[in-house]
Amino acid sequence: MTYLPNILFAIALIVGIGYFAKNVKRLIRNIKLGQSIDASDNKAERWRNVALIAFGQSKMVKRPISGILHVIVYVGFIVINLEVLEIIIDGLFGTHRIALNVLPTEVYGSLIGTFEILACLVLISVIIFWIRRNVLKIARFIKREMKGWPKTDGNLILYFEVVLMTLFLVMNASDIEFQSLNSGNVVSQFIAPWFSSLPESTLHLIERGTWWLHILGILVFLNYLYFSKHLHILLAFPNVFYGSLKPKGQFNNLEAVTKEVKLMMDPDADPFAAPAEDTSEEEPAKFGASDVMDLNRVQLLNAYTCTECGRCTSACPANLTGKKLSPRKIMMDTRDRLEEVGKNIDANGGVFKDDGKQLLGDYITNEELWACTTCNACVEECPVSINPLSIILDMRRYLVMEQSAAPSDLNNMMSNIENNGAPWPYNQMDRLNWADE
Amino acid sequence: MTVKTMAEFMAEGKQPEILFWVGSAGSYDDRAKKITKAFVKILNAANVDFAVLGQEESSTGDVAKRAGNEFLFQMQAVMNIELLNGYEIKKIVTCDPHSYNCIKNEYPSLGGVYEVYHHTQYIKELISSGRLSIDADTYKGKRITFHDPCYLGRANSEYDAPRDILVKTKANLVEMKRHKRTALCCGAGGAQMFKEPEKGDKDVNILRTEDALETKPNIIATGCPYCNTMMTDGVKNKEKEDEIAVLDVAELIANSLDN
Ligand code: SF4
Ligand code: SF4
């Protein structure tokens, strides 16, 4: 009978972690629906970026207020989770504050003391975050794409943090043994008096109750991640690792196009030659992207990593001047469509069944795509190295090369280039006239 | 003004020090041609032996690429690369950040590998090597704000060269609230120059002009022919064209040469 809590705990742990693992598997499968891309170069620089941008949050603090508050919550999150280690061991073996058996009281006290202070700082930061979203209504949090779930999601996480931090502090405050150590209860000693009138057995119940809720809360949180923008807690690291190292202005040259252009320009190629019989089983290359499977894996990883912070959108010249384009929405749409495709695959025994929908048109409109100035402001702003512009470009490529669906002005511009080597209808023979004018 | 073409250099059996890539705007657009000529004046003042491609030059394909037409881009690129490699060009300078970015970053994997400079970078080099000196006080004490071109700044992380040479004119450099990595686009990039904007509540160049006007400048300095057009239109829209000039860095430097 005495083992019941241990067993219940083990079951909770297995269910919580097991369900999470299942979602991680689904996530990896979905990302692999994308085209493979080689990012095996410059390992050293990639790790450096992970250290600076992901761990060091160097780009977060470019906007100091939200940046510093975020660093507090982030450090708090990581450090306080050390406590979870102890909770897991205690839970499985029925011990109580096992670390006290290993560590000298003062060391244990200073550890828990640090956790308590951090918990307080996290609480304060989270409250400020909530005010920024709901009272100050900072512009980037109330854009068109931030209605419904994204808005709820943004607040839910804050409530989560408040509950978890409060549970942690109350757990310490109602722990008579811990309070009597009088070491490390920097914050909880002020909460403890509120409970002092309660009988010991009630106190014990509160302590146990908060202990259980705390660990269950963490397991719920872990499983909430997959459905939330908070996936970035985990994905920011690989995402930054795989981020482009090239100058931002360098757009990739499509290899499939290079092949065809080489063929066309090759003076030795016989234009009348019959196509070779068994060219290969390869499908003819599709130029650009109309759906998530046409994007590459880094672009799909980008979509899952997006924190929906809207820093990109708040710097986007198109969005700032009232156009429909929002780089954040591009990322959110890509993720939503990818999830839809993933569910389709799950429902159809592992294969995708055409659902008559695609990313282009059903999620992202031509109007949004054509409003982009390719200025890279979104790429520069993103704190986790996401590149919304690369998706916009790939979809423009599809519109132009597969559908000839460019705005007519652009078609004129392009035929001018074809005919006379300039985007305007001037004669190429007049190129040097300026020198004589 | 006498400008020698690569074909002429070739005929003489000589190689120029640099190839000046004029670009489509610089060749045909009336406003941009003035920038081209200002840069030639600078090259001459520094005794740089330069060539242009003249009638052989063709669009880099940059704007086609950004519009999504990768075919047209690569056709243009392969054609230009064949020409440049045929002339054994090593060093290219251009006043157009779009050409600069395209030739520097997107030509190499198609076989065109060159040392490419934006004109502000090249002018900076001419000054620091002592070949060019800026002595006139034309702009002394004038308030100048520099608008970063996206394809020089964010795209290639060059924020200093234009500023370093602008201070040589003894002007008073003032920054807009959005500058360097947070600079706002002028609205012309990504092929927007050649189409009507999508529906919105403002044009991008107006918003950017407002950024510039906040600094109370005498001059808005640009480093790109398209930015120049956009900012000039913006200043006209605000009816400030009599008070505020929009000039390329090359023009400001050319007007500050002591001769
Ligand atoms: S690159 Fe396009 S989407 Fe990104 S900020 Fe510039 S205009 Fe907006
Ligand atoms: S793409 Fe980056 S900057 Fe934009 S909302 Fe997502 S995380 Fe924020």
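No experiment lies behind these values; they were computed from the predicted model shown.

Undergrad: With reference to specific residues and values, describe the site of ligand 2.
TA: All names here are of chain A. Lining the immediate environment of ligand 2, one finds 13 residues, of which Cys306, Cys309, Gly310, Cys312 and Cys382 sit closest. Of all the secondary-structure elements, those providing two or more residues to the shell around ligand 2 are helix 13 (311–315) and helix 15 (327–347). Residues belonging to the shell around ligand 2 are distributed by class as follows: 8 nonpolar, 2 polar and 3 charged.

Undergrad: Which residues make up the domain arrangement of chain A, and what values do they have?
TA: Residues and elements named next belong to chain A. Domain annotation for chain A reports domain 1 (4–31 + 63–241) and domain 2 (255–265 + 286–420). Across the boundary between the two partners, domain 1 contributes 27 residues, which contact 31 residues of domain 2. Both faces combined, the contact of domain 1 with domain 2 buries some 2,500 Å², and carbon together with sulfur accounts for 49% of it. Where aspartate 346 meets arginine 26, a salt bridge forms, and the shortest distance between an N and an O atom there is 3.5 Å. At the junction of domain 1 and domain 2, the tally comes to 19 residue pairs in polar contact (both at pLDDT 80 or more).

Undergrad: Residues and numbers for the layout of surface pockets, please.
TA: Residues and elements named next belong to chain A. The volume enclosed by the second largest pocket comes to roughly 700 Å³. The wall of the second largest pocket is formed by 32 residues, among which Met60, His70, Phe129, His230 and His232 lie closest to the centre. Put simply, the parts of the chain that give the lining of the second largest pocket at least two residues each are helix 2 (43–55), helix 3 (64–93), helix 5 (105–134), helix 6 (149–173) and helix 10 (232–242). Sorting elements by how many residues they give to the lining of the second largest pocket places helix 3 first, with 6 residues. Composition of the lining of the second largest pocket by domain shows at least three residues from each of domain 1 (4–31 + 63–241) and domain 2 (255–265 + 286–420).

Rules and cut-offs
Position labels on residues start from 1 in each chain and follow its written sequence. Working convention: letters from A go to chains and numbers from 1 go to ligands, in the order in which they are written. Local features in a predicted model are, by the rule used here, given only for residues with pLDDT of at least 70; side-chain atom pairs are given and counted only at 80 or more, and totals for whole chains, interfaces and linings are based on all residues. Hydrogen atoms and water are omitted, and side-chain values are computed over all heavy atoms in the structure. Put simply, a residue is near a molecule or strand once any heavy atom of it comes within 4 Å of that molecule or strand. We count a stretch as a helix when DSSP gives it H or I for four or more residues in a row; a strand needs E for two or more, and each element gets its number in order from the N terminus. Residues are grouped as follows: Ala, Val, Leu, Ile, Met, Phe, Trp, Tyr, Cys and Pro are nonpolar; Asp, Glu, Lys and Arg are charged; every other residue, Gly included, is polar. Marked domain ranges trace back to an automatic or database domain assignment. In what follows, a contact means two residues having at least one pair of non-hydrogen atoms within 4.5 Å. By buried area we mean how much accessible surface two parts lose on assembly, using a 1.4 Å probe and totalling the loss over both. Basic side-chain nitrogens of Lys or Arg form a salt bridge, by our definition, when they fall within 4 Å of a carboxyl oxygen of Asp or Glu. Pairs of N or O atoms within 3.5 Å make up the polar contacts considered here, provided that, within protein, one atom can donate a hydrogen while the other can accept it, and that residues adjacent in sequence are counted only when both atoms are side-chain atoms. Of the two site types, the cavity is a set of points on a 1 Å grid over the protein atoms alone where a 1.4 Å probe fits but cannot get out, and the pocket is an open set with protein on both sides within 12 Å along at least five of seven lines, each lined by residues with an atom within 4 Å of a point. Grid points are joined across faces, edges and corners, and a volume is the space filled by probe spheres set on the points.

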